[in-house]
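Fold and geometry: a report
Here is how the chains run, residue by residue.
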Amino acid sequence: MFQEINQNTIASILKGSIVRENSDVHISQIAIDSRAILHPEKTLFVALRGAKADGADYIPELVKSGVKTFLVHQDFDERAIPEGCFIKVPDTRRALQILAKFQRSLFRNPIIGITGSNGKTIVKEWLGQILGKQYAVAKSPKSYNSQVGVPLSIFGIEAYHQLAILEAGVSKSGEMQALEEMIKPDLGVFTNLGTAHQEGFESPESKLKEKLSLFSESKFLVYCKDQTQVSVCIERLFPSEKLVGWSDRSGAEFTRSVKVNEMGARIILIKSDLSTHTFQVPFADVASLENITHVIVAAMTLGLNAASIQEGISDLRSIDMRLTLKPGVNNSLLIDDTYNNDLAGLKVALDFMQQQRPKRRRILILSDLLQQGSAEKIYEEVAHLIKKYQFDIIIGVGSEIFYLGKIFPQIFKGFGSTEDLLESIYPGDFANDMILITGARVFGFEEVVNRLQQRIHGTTLEINLNAITHNYNFYKKLISPKTKVMVMVKAFAYGGGASEIANLAQTMGADYLGVAFSDEGIALRKEGITLPIMVLNPMEESFGLCGEYDLEPVVFSLEFFQSLANWCTSHHKQMKIHLDLDTGMHRLGFEKKHIAELNHLVTANPQLRIASIYTHLVGADEDIHRDFSIFQLEKFEEMKEEILKNISYKPIIHALNSAGIVAFPEWQFDMVRLGIGLYGVELTGRHHSSLRTISTLKTTVSQVKELEAGETIGYSRKGKLEHGGKIATLAIGYADGYDRRFGNGVGYVLIHGQKAPLVGNVCMDMCMVDVTGLDVKPGDVAIIYGENISLKELALLIGTIPYELHTNISTRVKRVYYLD
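Fair warning: this is a prediction, and the values are worked out from it, not measured in the lab.

Here we come to helix H3 (residues 92–105). In this model H3 runs 20 Å from its N-terminal to its C-terminal C-alpha over 14 residues, within 8% of the 20 Å that 1.5 Å per residue would give. Near the N-terminus of H3, the side chain that reaches the backbone nitrogen of Arg93, with its oxygen 2.9 Å away, is that of Asp91.

What follows is the structure, given as structure tokens:
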């Protein structure tokens, strides 16, 4: 917040009731996360209620830490909390938005609002970098474009900012009204209309109108006239004097011509007054050219001259503007935030770091913050953040960054340039560390990342942590708030990387983890995972390790029960166990005929305490097996009741997997087991469009060859281009988990968004694709699966299931985790 206000003013703005007002307290910061509070006495903590947690639960702890002011729901009972001022409102989320609306009204400088289906964040970032050359610019951190993200972005606008750029995103009808009331953009940018979130709207036109309502009071609106549906709607809804359209055809305010060249592309814009402006941009793909054209037209509409815009463009690049988690040297973890360079983005990166599993040391590699404003004030805030997040080493690059050396003389080491740092840095100096690398584009910190990241070949599995969170919350909405969730992270978390996924599950509020074998659970414990862990298939030789690492084995037979009981007796140990009841899977588990003897063993062996009783449905994903699934559930009900009658306590009861959560919500019992659904695959087909793809497997083109007609490709000469053509060799093979059955034209990859079919056999470390007619060169990226090649589709091609493709990805393939 850029203007301090007192508790009574806040209550007045919100029309809320106030308990224990303290007129001496002035609020200058707002927090919704109890872990991210820097100045407790100046912070208003907003207790939001969500699917994962209720912010009010953290209030007693926050009072102890010095927070004095809380925004709570009107049913909150503060009597048990002796200190603190409580402002009570009907809905804290709506109150947060009203406060943001008030703060927005105090900002007199221009605000740019951006919405659309795709490209919002990249347009915001590029426009922010170009405008930031001349102005102090505030912008939404990362993708903070939601009902909560937009208010937080507005609270980040400071008095010294000359411009603000805010994103707005909606997923269903009616959401944009609140965002428009807060943002009130002076200049609007509409990127494009796509298919995302279509399920939340009656039609594509209704979604378009919802998004466009952001610009109801804007002075100007930038859009592409070549998007027919968009332009027709815009030109019908808005007066012509506020429209700034661009097109590849004549007749628009800006007419565009694009010439691709070796350095990227040259964009020529001819205005309606026939003035001509030329820009060289460092990329040539269609999406980036559309995004940068929006940026250029918006900047010119704001009054920037072409030379200033070109200066800013020269520092841009076609990169992932995402916060990514990468494996580093010597078991370190790298957080790559190398495009970011403002305080708001740094805070997001620090929050992301805080959620990761603990490492030996925390190391911050930071460049000068090039944002406009008082350097002393900015670095004092950075110093507060460094203290808050308890860094062990600070490495600074630039000139102003040396201000931190005065505050942290013992742990700060400064360098005048990135080149100086690279000459000094030695990978062997880092081991089991958490390293956050964040800096302005001009410092080229990607070279630092390259120096410190783990050396693995060019095939990468990129995993979107936001998509996993989305999928988790989707399933949470299908179950009762009281129902627990066990997240299955067996088989390397379905190929996604068990440690990172387990850590995210722990952060999201999952109640249990499930692994297949004890060594998987041990690895998680060694990485700092504290959630209870159920081991589905323990071995007798692992009993000691289960005890040592607090793992809870599944017991599935009378013999196994007796063996574990004997071990616990002889070692004077107690252990939590899970009982597997076989109701039709006929894999592992107690059958109905075993229950009487099982009850006898349970009574005779109190050292084994039953943590849960469960069964597994054999066909919850297929309606053809619905009757059998009901039979299983009813049989499970009878069997578990026989066990419960025999004990004096209540174990957790669970039966539903991902498909079962969708198909049989009335049978959710005490807990559900979330597996493949978390990873973006909805097997019943009822809600597939509601889930997000979490991973993209990509590799690089190693070489491109021209072949004569009739030449063969690969082992056994299986591949042949009858009429000749061009092939590309990709750096992925069956040793990476790419199935050999995709060879010889069965499978395909995407290069520059175009299909390239496999030709010849898949080799151990490589495969070849037909790129005849495509513009492909070494180093280009090939998508194996992801957003536009679904695992379901690929599985059908070779007669298997998505589970197999997920879990087959080799551990030698680098996993990169990011927030989009």
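What follows picks up the thread again.
In terms of nonpolar packing, the biggest core is built from 149 residues, with Leu404, Leu513, Leu579 and Val749 touching the most fellow members. The contact partners of Leu513, leaving out residues within four places of it in the chain, are Met486, Val487, Val489, Ala502, Ala505, Leu524, Ile529, Leu531, Pro532, Ile533 and Met534. Of all hydrophobic cores here, the second largest spans 48 residues; its members include Ala11, Val150, Ile157 and Phe190.

Read from one edge to the other, the open sheet built from five strands follows the order E2-E7-E6-E5-E4, with strand pairing classed as mixed. Taken across any chain shown, the strands that pair with only one partner, and hence form the sheet edges, are strand E2 (17–19) and strand E4 (29–31). With direction set aside, neighbouring strand axes in the sheet form an average angle of 25 degrees. Bridge analysis of strand E6 (residues 69–73) against strand E7 (residues 85–89) gives five bridges, and the strand direction is parallel. Directly across from His73, in E7, lies its bridge partner Val89. Packed on one face of the sheet, helix H1 (residues 7–14) meets E2, strand E5 (43–46), E6 and E7 and runs near 5 degrees to E7.

Within the open sheet, the nine strands sit side by side as E9-E10-E8-E11-E12-E13-E14-E15-E16. Their pairing is mixed. Looking along the sheet, the strands with just one partner apiece sit at the ends: strand E9 (137–139) and strand E16 (276–281). In this sheet, neighbouring strand axes are inclined to one another by 20 degrees on average, regardless of whether the strands run parallel or antiparallel. Here four bridges tie strand E8 (residues 111–115) to strand E11 (residues 187–190), and the two strands are oriented parallel to one another. Residue pairing in the sheet places Thr115 in a bridge with Phe190 of E11. Packed on one face of the sheet, helix H4 (residues 120–131) meets E8, E9, strand E10 (163–167) and E11 and runs near 170 degrees to E10. Against the sheet, helix H8 (residues 228–237) touches E11, strand E12 (220–224) and strand E13 (243–247), its axis set at about 155 degrees to E12.

Locating Asp739 in the fold gives a position in the loop between strand E35 (725–730) and strand E36 (748–751). Engagement of the side chain of Asp739 in a polar contact is seen with the backbone nitrogen of Arg741, the distance being 2.8 Å.

Before going further, it helps to examine helix H21 (residues 558–570). For H21, with 13 residues, the first-to-last C-alpha span of 18 Å sits near the 18 Å given by 1.5 Å per residue. Turning to H21, its buried residues number three or more, namely Leu558, Phe560, Phe561, Leu564, Ala565, Trp567 and Cys568. Residues of H21 that are buried in the fold lie against helix H20 (543–548), strand E27 (551–555), strand E28 (575–580), helix H22 (595–604) and strand E29 (608–614). One or two residues past the end of H21 sits His572, with phi positive at roughly 55 degrees.

With that settled, the discussion passes to the layout of surface pockets. A probe as big as a water molecule, rolled over the atoms, marks out the empty space that is left. Within this model, the second largest pocket holds a volume of roughly 800 Å³. Of all the secondary structure elements, the ones that give two or more residues to the lining of the second largest pocket are helix H17 (490–494), helix H24 (658–663), helix H25 (791–797) and helix H26 (802–808). Among the elements that make up the lining of the second largest pocket, the one with the highest residue count is H25 (three residues). Each residue belonging to the lining of the second largest pocket can be placed in one class, and the counts come to 20 nonpolar, eight polar and seven charged.

Relative to each other, helix H11 (residues 343–354) and helix H12 (residues 375–389) sit at 5 degrees, their axes nearing to 11 Å. Here H12 runs roughly parallel to H11, going by the angle between their axes. Touching Leu343, Leu346, Lys347, Leu350, Asp351, Met353 and Gln354 of H11 are Ile378, Glu381, Val382, Leu385 and Tyr389, all from H12. Residue classes in the contact of H11 with H12 are distributed as eight nonpolar, one polar and three charged.

Criteria and thresholds
Residues numbered from 1 in each chain as written. Predicted model: local features only at pLDDT ≥ 70, side-chain atom pairs only at ≥ 80, totals over all residues. Heavy atoms only, no water. Helix = DSSP H or I, 4+ residues; strand = E, 2+ residues; numbered from the N terminus. Expected span 1.5 Å × (residues − 1). Polar contact = N/O pair within 3.5 Å; in protein donor to acceptor, adjacent residues only side chain to side chain. Core = buried A, V, L, I, M, F, W, Y, C linked by side-chain atoms within 4.5 Å. Buried < 20%, exposed > 50% of the residue type's maximum accessible area, 1.4 Å probe, protein only. Contact = heavy atoms within 4.5 Å. Pairing = 2+ DSSP bridges. Axes fitted to C-alpha atoms, helices over the stretch in contact; angles between N-to-C directions. 1 Å grid on protein atoms, 1.4 Å probe; cavity = no way out; pocket = protein on both sides within 12 Å on 5 of 7 lines; lining within 4 Å. Points joined across faces, edges and corners; volume = space filled by probe spheres on them. Nonpolar A, V, L, I, M, F, W, Y, C, P; charged D, E, K, R; others polar. Parallel < 35°, antiparallel > 145°, perpendicular 65-115°, else oblique.

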